[in-house]
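Coordinate inspection notes
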Number of protein chains: 2
Amino acid sequence: MLRSDVQIISVDDHVIETPNVWQDRVAAKYKDAAPKMHTDDQGRDYWVFEGRPYFNIGLNAVVGKPREKWGLDPTALSDMRPGCYDIKERLRDMDEDGIWAGLNFPSFPGFAGSTFFNATDKELSLVCIQAWNDWHLEEWCGAAPERQIPMAIVPYWDIEASAAEVRRVAANGSRTISFCEAPHAVGMPSIHDAAWDPFWAAINETGLPVSMHFGSGGAPNVAPGGPFTATIAQYGLNSLQCCIELVNSRIFEKFPNVKFALSEGGIGWMPWMLERCDYTWERHKIYTGMADAKKPSEIFREHIYGCFIADDAGIRNIDLIGEDNVMFESDYPHSDSNWPNARKMLEESLANTPDHIARKIAEDNARRLFNFPRK
Amino acid sequence: MLRSDVQIISVDDHVIETPNVWQDRVAAKYKDAAPKMHTDDQGRDYWVFEGRPYFNIGLNAVVGKPREKWGLDPTALSDMRPGCYDIKERLRDMDEDGIWAGLNFPSFPGFAGSTFFNATDKELSLVCIQAWNDWHLEEWCGAAPERQIPMAIVPYWDIEASAAEVRRVAANGSRTISFCEAPHAVGMPSIHDAAWDPFWAAINETGLPVSMHFGSGGAPNVAPGGPFTATIAQYGLNSLQCCIELVNSRIFEKFPNVKFALSEGGIGWMPWMLERCDYTWERHKIYTGMADAKKPSEIFREHIYGCFIADDAGIRNIDLIGEDNVMFESDYPHSDSNWPNARKMLEESLANTPDHIARKIAEDNARRLFNFPRK
């Protein structure tokens with residue numbers, strides 16, 4: 001069971017950016033083209049970046065609304081709980097939810113910075129990425145250093161620049177890098193390509209784990225015409241695919257200190273994935289040139305972390321996954337979150353789990369992975 | 001445990017076609033263009049169809065070879081165990097493997113007939129599909145009617161013609177239709193499209209279950225440059241995606257008698273998939289127009305069957321999947337098969353499973369689904 005002294009750490013939440021994030025920080029010459037927030041005559045807030053409007057500023061920030069009202073995402077900051085964008089209010093919402101600390105992905109930039117990846121002006125985009133990283137570290141996390149784990153994004157269109165940004169933010173105190181789960185899907189080299197070695201070298205050297213949020217490599221490839229319920233359920237398959245690629249990769253031979261968290265990917269599929277990958281590797285390793293590689297399940301235990309919101313199938317089979325490889329997340333303020341019942345629901349899920357394992361899942365694994373010790 | 005009187009039924013095996021399959025059966029005017037087997041000066045057997053050569057006649061028929069010799073697939077009938085293509089030899093191999101009955105997918109035509117789907121001459125292609133169906137029913141299964149479950153393929157480029165073929169083969173005694181797991185991926189309407197209604201109507205009326213083999217909708221979308229071990233392990237994700245689409249579909253409201261077997265897809269991911277699909281549906285059903293649909297896990301229990309070769313994670317969680325929704329397969333003669341140890345390995349896997357559930361998994365569920373009672 002989950003003891004009352006466990007400080008729950010959520011390893012996947014989301015912050016909605018406020019108008020000042022970029023305008024306060026970029027040099028004068030970038031201010032016009034950098035993201036600015038406007039309000040239209042229907043009261044909708046929207047970003048303008050490089051002269052183009054971006055609506056849907058909240059992505060899916062429905063926290064606190066009844067399910068009957070979901071569907072049209074909030075279109076204005078005033079239509080969201082202030083906890084979405086105000087760190088003091090966030091801490092209050094976390095208290096109500098029973099969560100001690102959180103790790104927040106960006107919203108307007110995309111989970112891993114895809115908005116800037118897709119932008120035209122790459123000099124400006126790098127400036128905007130660094131501004132977000134500095135704002136997040138100094139303002140959002142700076143206001144609650146014991147309760148917010150600083151995350152950073154990188155200019156992943158440029159591998160050397162990404163490595164440099166990893167080193168810069170690590171020196172400043174960031175604790176994880178948000179990275180695209182499928183770089184090949186956006187036209188960059190595959191994760192199996194040695195082109196990424198300078199990036200992995202920076203990750204390896206700094207010890208920052210890589211957080212890959214599902215959807216950061218694109219939407220799942222669904223059958224057209226089906227309901228959106230089928231699409232949402234398939235996002236976890238992005239994490240599953242990414243995980244199979246990772247446990248079959250040779251990255252860790254060169255860079256043994258690289259670790260990955262599969263944000264929002266779920267964990268219930270992991271026992272099957274591990275069994276299947278070991279079966280496949282055992283049979284086909286000779287002619288595929290993998291006989292000298294580590295077993296996929298061993299790579300997994302040393303380098304991969306699963307993240308779940310609600311996943312009773314995974315918790316039941318925690319012995320097959322590994323009690324050191326699983327972390328909780330609340331997904332505040334998105335529709336998958338259970339605010340203000342996150343702790344209550346996690347307690348129910350862990351009711352039959354030995355105390356020391358429940359503690360690892362809810363707190364200790366995240367503290368160890370993200371180098372975020374109790375003060 | 002698996003009792004000795006259980007007659008194991010494998011719901012996914014493969015037959016390699018012999019030179020006579022089409023040449024014996026198509027009308028004189030089609031003989032030249034219909035598939036003919038030739039042998040080249042290196043001793044390789046290959047098919048010629050519509051004037052084009054097709055090598056790799058055995059797909060992956062490595063049964064009986066040591067793993068060190070895998071990689072170059074057998075390129076001649078003489079390089080395979082005769083059980084691949086000779087029904088009498090197959091029965092001997094099944095005896096040695098401890099398998100009572102089998103269900104065989106086509107090889108040269110593709111699992112669901114993709115070779116003919118991709119052909120130019122559609123009149124000829126329909127003739128070839130019907131010839132395979134008749135050969136399979138009369139010769140292959142006719143030689144061992146208690147030990148071979150007849151399967152048929154359909155001309156799925158033409159939905160009405162597919163419906164007609166379903167009715168034709170059902171009348172002749174076929175027990176299942178092999179169908180493409182992702183028709184949208186090959187340019188046909190999505191399974192959610194009402195365009196398929198005439199096909200589902202024929203399935204519904206005849207009661208033939210639909211067998212969808214992984215890979216029948218194409219290869220998984222892997223990260224380039226990774227080892228082939230990662231690709232093989234990802235084929236099961238095709239079945240997982242297909243399953244999520246099906247449990248979110250409205251097909252069964254109009255056609256309540258339609259059932260699907262997810263051939264070679266594995267079962268260990270099903271507890272997670274069911275939990276996740278119910279969670280997603282419960283939260284999003286209102287604005288996605290799914291509030292009046294059945295719960296995904298209920299649709300699954302009534303209409304979907306998982307098929308596994310070796311899947312201890314799935315067997316451990318059989319209560320979460322449903323003891324009536326799972327079937328065994330041997331995958332003879334492909335590299336995933338365990339000949340001649342299939343029964344021995346299944347016994348080990350089911351050692352802690354209650355006898356009546358082991359019996360369902362190994363025999364009864366397949367007999368019920370495929371209407372293939374003990375004589």
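Bear in mind the structure is a predicted one, so any value in this text is a computation, not a measurement.

A closer look at the overall build of chain A
- When its secondary structure is counted, chain A shows 14 helices and 12 strands.
- Counting only C-alpha atoms, chain A reaches 60 × 50 × 45 Å along its principal axes.
- Taking the intrachain contacts of chain A between residues at least 6 apart in sequence as the baseline, contacts between residues at least 24 apart amount to 72%.
- Within the structure as shown, chain A displays about 13300 Å² of accessible surface, and the carbon and sulfur contribution to it stands at 50%.
- Between the mean site of the 37 positive side-chain charges and the mean site of the 54 negative ones, chain A shows a separation of 3 Å.

Description of the environment of A131 of chain A
All names here are of chain A.
- For A131, the location among the structural elements is in helix α4 (residues 122-140).
- Sequence separation between A131 and D24 is 107 residues, and the spatial gap between their C-alpha atoms is 8.8 Å.
- When near neighbours in sequence (up to four residues on either side) are disregarded, A131 contacts W22, R25 and V26.

Let's talk about the sheet that holds strand β11 (residues 304-308) of chain A
Residues and elements named next belong to chain A.
- Pairing is parallel in the open sheet, where 6 strands are placed in the order β7-β8-β9-β10-β11-β12. Edge positions in the open sheet fall to β7 (151-153) and β12 (326-328), since each of these has one partner strand only. Each adjacent strand pair in this sheet contributes to an overall mean axis angle of 30°, direction not counted.
- Examined bridge by bridge, β11 and β12 share 3 bridges and lie parallel to one another. Within the sheet, the bridge partner assigned to F308 lies in β12 and is F328.

Some thoughts on the sheet that holds strand β4 (residues 52-54) of chain A
All names here are of chain A.
- Across the sheet, 3 strands lie side by side as β2-β3-β4; this open sheet has antiparallel pairing. For this open sheet the edge positions go to β2 (36-39) and β4, each flanked by a neighbour on one side alone. Shown here is a sheet whose adjacent strand axes are inclined to one another by a mean of 40°, direction ignored.
- One ladder, built from 4 bridges, connects β2 with strand β3 (residues 45-49); its direction is antiparallel. Paired with T39 across the two strands is D45, which belongs to β3.

Comments concerning the packing of helix α9 (residues 270-284) of chain B against helix α10 (residues 296-303) of chain B
Residues and elements named next belong to chain B.
- Where α9 contacts α10, the axes come no closer than 8 Å and their chain directions differ by 135°. Relative to α10, the element α9 is oriented oblique. Across the interface between the two elements, M270, M273, L274, C277, D278 and W281 from α9 touch P296, S297, F300 and R301 from α10.

Examining the relation of the copies chain B and chain A
- When chain B is fitted to chain A, the best match, at an RMSD of 0.0 Å, comes from turning it 180° and sliding it 0.0 Å along the axis. On this basis, the relationship between the two copies can be described by a two-fold rotation axis. Among all residues of chain B, the one whose C-alpha sits closest to the rotation axis is W269 of chain B, at a distance of 2.4 Å.

A few points about the side chain of N325 of chain B
- Looking at where N325 of chain B falls in the secondary structure, it is placed in the loop between α12 (318-321) and β12 (326-328).
- Other than its neighbours up to four places away in sequence, N325 of chain B contacts F300, R301, I304, Y305, G306 and N365 of chain B.

A closer look at the interface of chain B and chain A
- Each side of the interface is counted separately: chain B has 60 residues, and chain A has 60 residues.
- Summing both sides of the interface, chain B and chain A together bury roughly 5600 Å²; the carbon and sulfur share of this comes to 58%.
- Among the residues chain B hides against chain A, the three largest losses belong to T229, W272 and R283 of chain B. Together they make up 13% of the total.
- Here chain B is connected to chain A by 4 salt bridges.
- Of the charged contacts, one joins R316 of chain A and D319 of chain B as a salt bridge, the two residues approaching to 2.7 Å between their closest N and O atoms.
- Between the two partners, chain B and chain A, sit 35 residue pairs in polar contact (both at pLDDT 80 or more).
- Mapped by element, the contributors of at least two residues to the side of chain B that touches chain A are α7 (228-247), α9, α11 (312-316) and α12 of chain B.
- With 12 residues, the single largest contributor to the side of chain B that touches chain A is α7 of chain B.

Observations concerning the nonpolar core
- By size, the foremost hydrophobic cluster in this structure holds 202 residues, and its most contacted members are W22, W200 and M273 of chain A together with W22, W200 and M273 of chain B.
- Once you skip the residues sitting within four places of it in the chain, W200 of chain A turns out to touch F179, I191, V210, I251, F255, V258 and F260 of chain A.

A look at the pattern of salt bridges
- In the structure shown here, the tally under the stated rule is 54 salt bridges over all chains.
- Note that K65 of chain A and D79 of chain A form a salt bridge whose closest N and O atoms lie 3.1 Å from each other. One end of the pair, K65 of chain A, is in the loop between β4 and α2 (87-97); the other, D79 of chain A, is in the loop between β4 and α2, and 14 residues separate them in sequence.
- Where R81 of chain B meets D93 of chain B, a salt bridge forms, and the shortest distance between an N and an O atom there is 2.8 Å. With R81 of chain B in the loop between β4 (52-54) and α2 (87-97) and D93 of chain B in helix α2, this pair connects stretches of sequence that are 12 residues apart.
- Taken together, the shared-partner salt bridges in this structure form one network comprising R25, E138 and E139 of chain A.

Some thoughts on the environment of I9 of chain A
Residues and elements named next belong to chain A.
- Mapped onto the fold, I9 is located in strand β1 (residues 9-14).
- Accessibility expressed as a relative area gives 0% for I9, which makes it buried.
- Each C-alpha atom of the pair I9 and E347 lies 14 Å from the other, and the pair is 338 residues apart in sequence.
- Excluding anything up to four places from it in sequence, I9 contacts A101, I149, F328, A362, E363, A366, R367 and F372.

Overview of the state of the cysteines
Residue and element names in this part refer to chain A.
- Counted under the stated rule, the structure contains 0 disulfides over all chains.
- In this model C141 remains outside any disulfide bridge; the closest cysteine sulfur is found in C84, 16 Å from its own.
- C141 gets classed as buried once you look at its relative accessible area, which sits at 3%.

Points about the confidence of the model for chain A
- The pLDDT averaged across chain A works out to 96; a share of 99% of its residues lies at or above 70.
- Interface scoring of the predicted complex returns ipTM 0.97; its pTM is 0.97.

A word on the packing of aromatic side chains
Residue and element names in this part refer to chain A.
- Counted by the stated rule, this structure contains 48 aromatic pairs over all chains.
- Residues W22 and F108 carry aromatic rings whose centres are separated by 5.6 Å and whose planes lie at 75° to one another, so their mutual orientation is edge-to-face. With a gap of 86 residues between them, W22 in helix α1 (residues 20-23) and F108 in the loop between β5 (101-105) and α3 (114-117) connect regions that are remote in the sequence.
- For W22, a relative accessible area of 0% corresponds to the buried category.

Digging into the pairing of β5 of chain A
Residue and element names in this part refer to chain A.
- Counting buried positions over the 5 residues of β5 gives 5, a clear majority of the element.
- Pairing between β1 and β5: 4 bridges, direction parallel. Looking at the pairing, D13 lines up with N104 of β5.
- Looking at chain direction, β5 and strand β6 (residues 148-149) are connected through 2 bridges and run parallel. Along β6, the bridge assignment pairs L103 with I149.

Criteria and thresholds
Residues numbered from 1 in each chain as written. Chains lettered and ligands numbered in written order. Predicted model: local features only at pLDDT ≥ 70, side-chain atom pairs only at ≥ 80, totals over all residues. Heavy atoms only, no water. Helix = DSSP H or I, 4+ residues; strand = E, 2+ residues; numbered from the N terminus. Contact = heavy atoms within 4.5 Å. Areas by Shrake-Rupley, 256 points an atom, 1.4 Å probe, with all protein chains shown as cover. Lys, Arg positive; Asp, Glu negative; His and termini not counted. Charge placed at Lys NZ, Arg CZ, Asp CG, Glu CD. Pairing = 2+ DSSP bridges. Axes fitted to C-alpha atoms, helices over the stretch in contact; angles between N-to-C directions. Parallel < 35°, antiparallel > 145°, perpendicular 65-115°, else oblique. Least-squares fit on C-alpha atoms with pLDDT ≥ 70 in both. Buried area = accessible area lost by both parts, 1.4 Å probe. Salt bridge = Lys/Arg side-chain N within 4 Å of Asp/Glu carboxyl O. Polar contact = N/O pair within 3.5 Å; in protein donor to acceptor, adjacent residues only side chain to side chain. Core = buried A, V, L, I, M, F, W, Y, C linked by side-chain atoms within 4.5 Å. Buried < 20%, exposed > 50% of the residue type's maximum accessible area, 1.4 Å probe, protein only. Disulfide = S-S within 2.5 Å. pLDDT = per-residue confidence, 0-100. Phe/Tyr/Trp six-rings, centres within 6.5 Å; stacked < 30°, edge-to-face > 60°.

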